[in-house]
Amino acid sequence: MAKSTTSSLEVLAALERKVLWLASWMIHNANHLRENTDGLKVGGHQASSASLATIMTALYFDVLRPQDRVAVKPHASPIFHAIQYLLGNQSRERLEAFRGYKGAQSYPSRTKDADDVDFSTGSVGLGVAQTLFSSLTQDYVRAHGWGLDRPDGRMVALVGDAELDEGNIFESLLEGWKQGLRNCWWIVDYNRQSLDAVVREGLWERYQQLFANFGWNVVILKYGSLQQAAFKEPGGETLRRWIDNCPNQLYSALVFAGGAAWRKRLNDEIGDQGDVSKLIERRSDEQLAALMNNLGGHDLPSVLEAFHNADPEKPTCFICYTVKGFGLPFAGHKDNHAGLMTPQQMETFRQAMGVRPGHEWDKFEGLTVPTEKLQRFLEHVPFASASARRLTAETLEVPDSLSVTIQPVMSTQTGFGAILNEIGRGAGEFTRRIVTTSPDVTVSTNLGPWVNRRGLFARQAMADTFKNEHIPSTFNWEFSPKGQHIELGIAEMNLFILLSALGLSHSVHGVRLLPIGTLYDPFIARGLDALNYACYQDARFMLVATPSGITLAGEGGAHQSIAEPLIGLAQDGLASFEPAYVDELAAIMAWAFSYIQKNGEVAPSEVNWLRDETGGSVYLRLSTRPIEQIKRDMTAELRQQIVDGAYWQRKPGPNCQVVVAYAGAVAPEAIEAVGLMAEDRRDVGLLAVTSADRLNAGWTAAQRARERGLVHARSHIERLLVEVPAHCGLVTVLDGHPATLAWLGAVAGHRVRPLGVEHFGQTGSLAELYRHYGIDANAIVAAAQAIAPGRPIRHLKALP
Ligand SMILES: Cc1ncc(C[n+]2csc(CCOP(=O)(O)OP(=O)(O)O)c2C)c(N)n1
Ligand SMILES: [Mg+2]
């Protein structure tokens, strides 16, 4: 790649100034000038932004190409928005509304910002790992022969040095090494400050060794070109040694204190009345401060050279020495993280920047480079040369229904394996675009048959030694570039971030994938923030969680999950299901393959009041419990009801006193309880709930619609419960937190007794555990008796 010329350096330096100004002004405007209607702090990070002004100027205005993708350090968001403003991709109105309603977002957001954010950041650490997995996704896509008409993109993360404390970054590093990562840059903003304080000494050395151990190139940008030149002067070596030995805290303090303080300190410590003293004396206070602040990460020529020379075949970590708050009055001060320039300081800064009052937002105000030259330069910035960086991919055709041989007794987990196995027989595009992944639970979540058919993915083929040695094994463990399963190490964070990367492939790499990830249900909590971020940035995937609840019984009390159904209910962007039967699962999965590809209008359907056209990701909570399957025809109507969230397994009659509503693996207990009660109650109803989440969302939306005047709006659950007499009691039950279904009583005003699991940790047989936690048939009957008293409880099963 061509090196930058002197004249473009001059332009870049001007833009660097402008970017710093605009970012600072944007934050100032939001905090000091814009009307504050609620008395709440607005905030923004002038110091953290300043720290990256040089590096981001170099990247966006010179180094990056349209195919490159960047995760920006969240609190450098104002720099990003300022750059996009200069490139014509961001409006002044949104900058003025920074951190306000529909304004430029506090942290770069794919879904809420309008200026082409590649990856949403904010929860530190996640964006960093996302670039790694996005690079692996790019390699996956290309190895399968897709997207080869576009150039390879570099996946770049701008990383705060304290951000590197986040464990998920290291989990991803290890995975990247295993998967042969290349073409990924992590640029560490090494300002040696976190939010609270100055970081430990010598971290750069640990990073250097660590990254090198994982096969990364490490490039350290410590000294800027002014410093490098000074080191060549007589006495320069002594100055370099002093800099190298200066503790982080002292360096930061002197940066803050300025030229006179530098002079005093340097003279006290290395002033020899000879070469070094002369080196210092040749410089005014201002020049001396400029020299000492001229760290590598603030030196355009050094930064450009380092970036242009990086080897795409290896991942590269750039450790860039920077000053937090560079160029601003609180530069280097340990308390500057949330610090804002005072109006007075801003006024001084404005004058120094040559910005006239009233011209604060003008793009070229106060710059010495002629406007035409700047304009011409901006029109030819390579990064901005593509018409659309955000790509689109075609919607893949998916089957209306999925075939599976249903055994008389079967678990949903076995059903999942069988459905994928059937899909795996196919040779069409639908099958080819499915990519599965699992954090070392491929076999135990029943992905084995699929993997046997489709193989594991690696850029370089690896044979299955057991197979070659003719040792019998159920699983064929062969890796090749055509494989369709990405095997991960145990770290669940990596699963969710990989799903996020795979699930954005259509937009980031222009190739649609249908990603499916499996894990044990309780470990969703382990990667929850990453799951949340995947949804927040609108990644599309299917998450299959199994086993779940206390139903895993003897497999381990510690692995029981309780809260996950509530996560499924509450998580934005994720439609969650807990089917009981395999035919339900097949219906849901067929629907899900299409749902994860949708990207339409937000108008809710008048049938179920769900906004299905917008699409989203899907969470399936499955079970290892074999249950007796129902022989039935899957009619279009039943299929729709399953997808909408519930159907009558047994309709309540006119004399109904009790309805049992259940979700998932406790179906046999619900059926048994209804049978027991039928001995002396008539017309007991049985409601099969396949998705508490979708029922709840439809109900909420229909209520809102009615409140807005659409008086006829009715949700699916309202239509179902309208058939239940008002005096009926409702017993809800699931292997999860009882609140998941407790709200059903509010839909039509029925008394409700929600059963579920609130405590966990006991191992045992299924019958013992269901009895212990109160979700067995007896518990259901007793609950019904308490809220809808019938005759005395004769019908309880004898306890063993
Ligand atoms: C997961 C998470 N925890 C905490 C925070 C709050 N937070 C934002 S920035 C920050 C410190 C960042 O320091 P560093 O990464 O060095 O960035 P700098 O501001 O120095 O550039 C913290 C703790 C966060 N955004 N995300
Ligand atoms: Mg820092």
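What counts and how
Residues numbered from 1 in each chain as written. Chains lettered and ligands numbered in written order. Predicted model: local features only at pLDDT ≥ 70, side-chain atom pairs only at ≥ 80, totals over all residues. Heavy atoms only, no water. Helix = DSSP H or I, 4+ residues; strand = E, 2+ residues; numbered from the N terminus. Rg over C-alpha atoms; globule rule 2.2 N^0.38 Å. Buried < 20%, exposed > 50% of the residue type's maximum accessible area, 1.4 Å probe, protein only. Near = heavy atom within 4 Å. Polar contact = N/O pair within 3.5 Å; in protein donor to acceptor, adjacent residues only side chain to side chain. Areas by Shrake-Rupley, 256 points an atom, 1.4 Å probe, with all protein chains shown as cover. Nonpolar A, V, L, I, M, F, W, Y, C, P; charged D, E, K, R; others polar. Contact = heavy atoms within 4.5 Å. Donors = N, O, S within 2.8 Å, 3.2 Å for Na, K, Ca; no water. Pairing = 2+ DSSP bridges. Axes fitted to C-alpha atoms, helices over the stretch in contact; angles between N-to-C directions. Arc of directions from axis to C-beta. Parallel < 35°, antiparallel > 145°, perpendicular 65-115°, else oblique. Salt bridge = Lys/Arg side-chain N within 4 Å of Asp/Glu carboxyl O. Core = buried A, V, L, I, M, F, W, Y, C linked by side-chain atoms within 4.5 Å.

**Focus on the overall build of the protein chain**
1) Next: Each helix and strand counted, the protein chain has 34 helices and 20 strands in total.
2) Next: A globule of 800 residues ought to have a C-alpha radius of gyration of about 28 Å, and the protein chain, at 31 Å, matches this closely.
3) Next: In terms of its C-alpha atoms, the protein chain occupies a principal-axis envelope of roughly 105 × 70 × 45 Å.
4) Next: Within the protein chain, buried positions represent 58% of all 800 residues.

**Some remarks on the site of ligand 1**
1) Next: The full set close to ligand 1 counts 18 residues, and Ser48, Lys73, Asp161, Gln193 and Lys324 are the nearest of them.
2) Next: Measuring from an oxygen atom of ligand 1, one finds a side-chain N or O atom of Asp161 at 2.6 Å.
3) Next: Separating an oxygen atom of ligand 1 from a backbone N or O atom of Glu163 is a distance of 3.0 Å.
4) Next: Burial of ligand 1 by the protein amounts to 75% of the accessible area it has alone, namely 580 Å².
5) Next: Residue classes in the shell around ligand 1 are distributed as 3 nonpolar, 9 polar and 6 charged.

**As for helix H34 (residues 777-787)**
1) Next: The buried count for H34 comes to 9 of 11 residues, which makes it a mostly enclosed element.
2) Next: Regarding H34, the residues found buried are Ala777, Asn778, Ala779, Ile780, Val781, Ala783, Ala784, Gln785 and Ile787.
3) Next: For H34, the secondary structure elements touched by its buried residues are strand E17 (658-663), helix H28 (667-678), strand E19 (729-734) and strand E20 (751-755).

**Digging into the coordination of the magnesium ion (ligand 2)**
1) Next: Distances from the magnesium ion (ligand 2) to its protein donors, Asp161 (OD), Asn191 (OD1) and Gln193 (O), fall within 2.0 to 2.2 Å.
2) Next: Sequence positions of the donors to the magnesium ion (ligand 2) reduce to the motif D-x29-N-x1-Q. Of this pair, Asp161 sits in the loop between strand E2 (155-160) and helix H7 (167-178) while Asn191 sits in the loop between strand E3 (184-190) and helix H8 (203-213); the two residues are 30 residues apart in sequence, bridging distant segments of the chain.

**Focus on the sheet that holds E2**
1) Next: Across the sheet, which stays open at both edges, the 5 strands sit in the order E1-E2-E3-E5-E4 with parallel pairing between neighbours. Lying at the two open borders of the sheet, with one neighbouring strand each, are strand E1 (69-71) and strand E4 (217-221). The average angle at which neighbouring strand axes cross in this sheet is 15°, direction not considered.
2) Next: As paired strands, E2 and E3 are joined by 6 bridges and run parallel to one another. When the sheet's bridge partners are listed, Ala157 is paired in E3 with Trp186.
3) Next: Lying on the sheet, helix H6 (residues 126-143) is in contact with E1, E2 and E3; it crosses E2 at an angle near 165°.

**So, helix H33 (residues 766-773)**
1) Next: Along H33, the positions that sit buried rather than exposed are Leu769, Tyr770 and Tyr773. Within H33, the buried residues cover an arc of 100° as seen down the axis, which keeps them to one side. When the buried face of H33 is taken as reference, the exposed residues oriented beyond 90 degrees from it are Ala767 and His772.
2) Next: Where the residues of H33 are buried, they touch H28.

**Re the packing of H7 against helix H22 (residues 492-502)**
1) Next: Packing of H7 against H22 brings their axes to within 9 Å, and their N-to-C directions diverge by 75°. Taken together, the axes of H7 and H22 lie roughly perpendicular to each other. Along the contact surface, H7 presents Asn168, Glu171, Ser172 and Glu175, while H22 presents Met493, Asn494 and Ile497.
2) Next: Class assignment of the residues belonging to the contact of H7 with H22 gives a composition of 2 nonpolar, 3 polar and 2 charged.

**Some remarks on the pattern of salt bridges**
1) Next: Under the defined criterion, the tally for this structure stands at 39 salt bridges.
2) Next: In this structure, Glu578 engages Arg621 in a salt bridge whose closest nitrogen and oxygen atoms are separated by 2.9 Å. Pair noted here: Glu578 is in the loop between strand E13 (574-577) and helix H26 (582-595) and Arg621 is in strand E14 (residues 617-621), with a separation of 43 residues, a long-range link. With respect to class, Glu578 is no different from Arg621; both count as buried.
3) Next: Arg632 serves as the salt-bridge partner of Glu584, at 3.5 Å between the closest nitrogen and oxygen. Here Arg632 lies in the loop between strand E15 (627-628) and helix H27 (636-644) and Glu584 lies in helix H26, a separation of 48 residues in the sequence.

**Some details on the side chain of Arg433**
1) Next: With respect to the element layout, Arg433 can be found in helix H19 (residues 429-433).
2) Next: When its relative accessible area of 7% is taken as the criterion, Arg433 is described as buried.
3) Next: Polar side-chain contacts of Arg433 include one of 2.8 Å to the backbone oxygen of Arg512.
4) Next: When sequence neighbours within four positions are dropped, the list of residues in contact with Arg433 reads Trp146, Glu394, Leu396, Gln484, Val511, Arg512, Leu513 and Leu514.

**Let's talk about the nonpolar core**
1) Next: Judged by nonpolar contacts, the single largest core of 82 residues is most densely connected at Trp186, Trp242 and Leu543.
2) Next: Every residue in contact with Leu543, bar those within four places of it in the chain, is listed here: Leu495, Phe496, Leu499, Gly517, Leu519, Ile524, Leu531, Val618, Tyr619 and Leu620.
3) Next: Counting 77 residues, the second largest nonpolar core, distinct from the first, contains Leu420, Ala575, Val733 and Ile787.

**Concerning the sheet that holds strand E18 (residues 685-689)**
1) Next: Across the sheet, which stays open at both edges, the 5 strands sit in the order E16-E18-E17-E19-E20 with mixed pairing between neighbours. Across the chains shown, the open sheet's two edge strands, defined by having one partner strand only, are strand E16 (646-650) and E20. For this sheet, the mean inter-axis angle between neighbouring strands, taken without regard to orientation, is 25°.
2) Next: Of the pairings in the sheet, the one linking E17 to E18 comprises 5 bridges and is parallel in character. Each residue of the ladder has a partner; that of Val660, found in E18, is Leu686.

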